[in-house]
Amino acid sequence: MSENENHEQSTVSVIGLGQMGTRLAQAFLTAGYATTVWNRSAAKADALVAQGAVHATTVDEAVAASPLVVVSLPDYTTVSDLLGPVAPRLRGRVLVNLTSGTPEDAAGMADWAAGHGAGYLDGAAMSGTRLVGRPEALFVFSGSPQAFAIHRTVLASLGNSVHLGADPALAPVYDTALFGLAWGALAGFYHAVALAGVAGVDPAAFAAVATGHMPFVTSLMSDHARQIENGDFPDDDGTVEVHAAAMEHLLDTSRAAGLGTDVPELIGSLLERAAATGHGSSGIASVIETITKGERNA
């Protein structure tokens, strides 16, 4: 490995030391990478400096310090405002943007970075801040495959770092989609805990059984993804009509227990709309067509 390649493998700069940025810098330090940090409020760097980080006094200094520049800021406007004045310094470097935004934001930032001779990766931390630095923390990246390949090892110190493809817009798409998935699952869990609680079941006791059930649920995701891709919805896991009847039972039971019914009402509505459009005898993955057609099926 050449001296330049070793430099690329061992140094990183982190700009923005909020809760996420701080955890990113800590993960890089723990993995043994020379880490330079910058934040508008300089005091936020003190704890990281005590752990071995180098404190850059300016954004320009932070960018110049490393071939890999990771930013974690409130929004893309802030990223542009901070990096705009030092844009020439980005040439030949890779900018990794772990700032939440839209696909359009990511595409625009990628074009801007390319215009200044920088590689670009848009990214999202999908496991919050607690797991950063652990293998189970999911980070998704999209953009330059070459940039990801060069810095794969450094980025892997954050967790399970997955490159989604060359289109920089893919990371924010996955970010929002996976956020919705997590909240859908959690909403179902919260309702289930409330319902079990009526019978005196302790939340932790219910959670122990529920987590054991989740591998079956995730297996359905894989199977149903193939059905959606093929446009064919066999009833192996029950028909829409069967599940609609079961959801009505859940709704009645929840009402009788005095619980809120937002969650079963939402799912029941999706099933009813699927049945109304001719999918009553189809498998439940056919609900996807109700969702993709939106209000046209309302």
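As the structure is a prediction and not an experimental result, all values here were calculated from the model.

Draft legend 1. Representation of the packing of aromatic side chains within the structure. Evaluation of the coordinates by the stated rule reveals five aromatic pairs. Their ring planes at 35 degrees and their centres at 6.4 Å tell us that Phe 189 and Phe 206 sit as a pair that is tilted. Residue Phe 189 is located in helix α8 (residues 170–198), and its partner Phe 206 is located in helix α9 (residues 203–230); the two are separated by 17 residues in the primary sequence. Of the residues examined, Phe 189 reaches a relative accessible area of 28% and is grouped as partly exposed. On the basis of relative accessible area, Phe 206 is assigned to the partly exposed category, the value being 23%. An aromatic cluster of at least three residues, connected via ring pairs, comprises Trp 183, Phe 189, Tyr 190 and Phe 206.

Draft legend 2. Region of the structure containing the sheet that holds strand β8 (residues 160–163). Read from one edge to the other, the open sheet built from eight strands follows the order β3-β2-β1-β4-β5-β6-β7-β8, with strand pairing classed as mixed. For this open sheet the edge positions go to β3 (54–55) and β8, each flanked by a neighbour on one side alone. Bridge analysis of strand β7 (residues 138–143) against β8 gives four bridges, and the strand direction is parallel. Note that in β8 the partner of Phe 139 across the bridge is Ser 161.

Draft legend 3. Quick look at the environment of Asn 97. As for its position among the elements, Asn 97 is in strand β5 (residues 94–97). Judged by relative accessible area, which is 0%, Asn 97 ranks as buried. Through-space distance from the C-alpha of Asn 97 to that of Phe 233 is 39 Å; in sequence the pair is 136 residues apart. Those residues within four positions of Asn 97 in sequence are excluded, and the remaining contacts are Val 71, Tyr 76, Val 79, Met 109, Tyr 120, Leu 121, Asp 122 and Gly 123.

Draft legend 4. Layout of the layout of surface pockets. Taken as a whole, the largest pocket holds about 2300 Å³ of empty space. When contributions to the lining of the largest pocket are tallied by element, the ones reaching two or more residues are α8, α9, α10 (240–256), α11 (262–279) and α12 (287–292). Broken down by element, the lining of the largest pocket gets its largest block of residues, 15 residues, from α9. By residue class, the composition of the lining of the largest pocket is 32 nonpolar, 10 polar and one charged. Of the volumes computed, that of the second largest pocket is approximately 710 Å³. If you go around the second largest pocket, you meet 25 residues; those closest to its centre are Ala 125, Met 126, Ser 127, Gly 128 and Phe 179. Contributing elements (two or more residues each) for the lining of the second largest pocket: β6 (119–125) and α8. For the lining of the second largest pocket, the residue count by class is 15 nonpolar, seven polar and three charged.

Parameters and conventions
- Residues numbered from 1 in each chain as written.
- Predicted model: local features only at pLDDT ≥ 70, side-chain atom pairs only at ≥ 80, totals over all residues.
- Heavy atoms only, no water.
- Phe/Tyr/Trp six-rings, centres within 6.5 Å; stacked < 30°, edge-to-face > 60°.
- Helix = DSSP H or I, 4+ residues; strand = E, 2+ residues; numbered from the N terminus.
- Buried < 20%, exposed > 50% of the residue type's maximum accessible area, 1.4 Å probe, protein only.
- Pairing = 2+ DSSP bridges.
- Contact = heavy atoms within 4.5 Å.
- 1 Å grid on protein atoms, 1.4 Å probe; cavity = no way out; pocket = protein on both sides within 12 Å on 5 of 7 lines; lining within 4 Å.
- Points joined across faces, edges and corners; volume = space filled by probe spheres on them.
- Nonpolar A, V, L, I, M, F, W, Y, C, P; charged D, E, K, R; others polar.

It is worth stressing that arrangement in space is one thing and function is another; only the former is reported here.
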